[in-house]
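What follows is the residue order along each chain.
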Amino acid sequence: MQFSPTPLTWPAQYETYQHVVFVLSFLINNHDIDYYRSNFSFSLKIPFYVCPLNLSFRLVLSLWLMTFPKLFFKLVAVSKLRTPCRFPIMSTVSFTVGHKNSSIGNVDISKMSAAHEAIDKHVKDGMTLGIGSGSTIVYGIQRLAQRMKDESLTIVCVPTSYQARQLIIDNNLPLGTLDEHPKLDCTIDGADEIETGTLACIKGGGGCLTQEKIVASCSEKLIIVADGAKEVSSLGQKWKKGIPIEVLPMACKPVQNKIEVKYGGEAILRMSADKAGPLVTDNGNFILDWVFPDIKYCWSSINNYIKLIPGVIEIGLFIDMADECLVGDSKGNVRLLKKSAQSLEI
Ligand SMILES: O=C(CO)[C@H](O)[C@H](O)COP(=O)(O)O
């Protein structure tokens, strides 16, 4: 077990909330440590020792920590740097000291609270559940894993991507397919933008729109989870990367032309970040991101028109699909968005 001798700095905006997190970290059991470890980042490492950290010792440490947090960290750092560890280390929990905006370390509070709320509110024993893709849903899966353990729930999870499939496996959740479960009780998924009122969404920022739409279309309910920054009064206000459209590679150019001629804007071939050349989806296709001109659209007719272009597999417009959206903020509050307006029809 190593301790990296990074200099400890004390941030100006140290917040009470983090005292609580730290204190809790000393009172929680080993199983919870894993949870915190997967949720918090690694800039400050706090060792947990097998021998001395029985409950009363933890309590004393916690009280001390509450009273003298600065001193505590200095001592931990100094002792770890100067003396070799005498006790077997059980685990190491790490937190970033201080946080900016809505994140503590690498935890995005807005996304996490929305995802947790969705799992707590909508998941019931015996359900078949569609699992969305993206960063927000990761928090949902962790919460689901926790609930399944604590409450001995029986849930079958149907993924919307390789990412979701891997998350389900990594968290020891039962993996299902649409072959076995063509009808799902509920799908929980993220979004890139949500229109207040109609709950129309842009999805596919992570490139998984096709399977996401298929799984959502098989679900009794679609619950969207997101941070508040994604809520807009009309699509395209904040999401400037365009509407993702999955296309068969050989049809890429004609589809690009047809969209641009009909609606203007630019349909840009999405390139891979890590591999040379275009991004290839989980289904072996390409993605065009259609950056559309800033005018008022009837999204359902755009959706229908683009879907009918030969070579288009799916479009990342989710119109009249979401039943509710749960939107989190940086303080951990979650707002419920319900459909209160019809999408524009032509
Ligand atoms: O549609 C998606 C992937 O295709 C995601 O749900 C969407 O991009 C939101 O991602 P994140 O939760 O990371 O913000």
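We now turn to the structure provided with this report. Quantities reported herein were computed from a predicted structural model and do not represent experimental measurements. (Residues numbered from 1 in each chain as written. Predicted model: local features only at pLDDT ≥ 70, side-chain atom pairs only at ≥ 80, totals over all residues. Heavy atoms only, no water.)

### Topic: the environment of Leu153
Our working definition: A helix here means a DSSP run of H or I that spans at least four residues, while a strand means a run of E at least two residues long, and both kinds are numbered starting from the N terminus. Contacts between residues were defined by any pair of non-hydrogen atoms, one from each residue, lying within 4.5 Å.
Checked against the element boundaries, Leu153 lands in the loop between helix 6 (136–151) and strand 6 (156–159). As a C-alpha pair, Leu153 and Leu326 span 173 residues in sequence and 23 Å in three-dimensional space. Apart from the residues lying within four places of it in its own chain, the contact partners of Leu153 are Asp125, Arg147 and Met148.

### Some details on the site of the ligand
Under the convention used in this document: Residue proximity to a molecule or strand is established when one non-hydrogen atom of the residue lies within 4 Å of it. Whenever two N or O atoms come within 3.5 Å, that pair is a polar contact, provided that in protein one can donate a hydrogen and the other can accept it, and provided that, for residues adjacent in sequence, both atoms are side-chain atoms. Note that accessible areas follow from Shrake-Rupley with a 1.4 Å probe, and for residues the cover is restricted to the protein chains shown.
In the region of the ligand, 18 residues are neighbours, and Ser135, Thr136, Asp192, Gly204 and Lys230 sit closest. In this structure, Ser133 approaches the ligand through a main-chain N or O atom, which is 2.9 Å from an oxygen atom. The contact in question runs from an oxygen atom of the ligand to an N or O atom on the backbone of Cys208, over 3.0 Å. Computed on the free molecule, the ligand has an accessible area of 380 Å², of which 91% lies beneath the protein chains in the complex.

### A few points about the packing of helix 9 (residues 252–263) against helix 10 (residues 299–307)
This is how the line gets drawn: To get an axis, fit a line to the C-alpha atoms, keeping to the stretch in contact for a helix; angles then go from 0 to 180 degrees between the N-to-C directions. Working rule for handedness: look at the near helix, and if it is turned counterclockwise from the far one by less than a right angle, call the crossing left-handed; if clockwise, right-handed. In this count, Pro and Cys sit with the nonpolar residues alongside Ala, Val, Leu, Ile, Met, Phe, Trp and Tyr, while Asp, Glu, Lys and Arg are called charged and the others, Gly among them, polar.
Following both chains from N to C, one finds helix 9 and helix 10 inclined at 145°, their axes separated by 11 Å at the closest point. Relative to helix 10, helix 9 is oriented so that their crossing is right-handed. For the pair helix 9 and helix 10, the contacting residues are Ile259, Lys262 and Tyr263 in the first and Ser301, Ile302, Tyr305 and Ile306 in the second. The residue makeup of the contact of helix 9 with helix 10, split by class, is five nonpolar, one polar and one charged.

### With respect to the sheet that holds strand 8 (residues 193–195)
Note the threshold: The rule for pairing is simple: two strands pair if DSSP sees at least two bridges between them.
The sheet built from four strands is open, its strands ordered 11-8-9-16 with mixed pairing. Strands with a single pairing partner mark the edges of an open sheet, and in this sheet they are strand 11 (231–232) and strand 16 (317–318).

### Focus: the nonpolar core
Buried together is how nonpolar side chains tend to be arranged in soluble globular proteins. Where we set the bar: To form a nonpolar core, buried Ala, Val, Leu, Ile, Met, Phe, Trp, Tyr and Cys residues must be joined to one another through side-chain atoms within 4.5 Å. Relative accessibility decides the category of a residue: with a 1.4 Å probe and only protein chains considered, values under 20% of the type maximum give buried, values over 50% give exposed, and everything between is partly exposed.
Counting 26 residues, the largest nonpolar core has Ile245, Trp290, Trp299, Ile306 and Leu317 as the members making the most contacts within it. Broken down by element, this core gets its largest block of residues, four residues, from helix 9.

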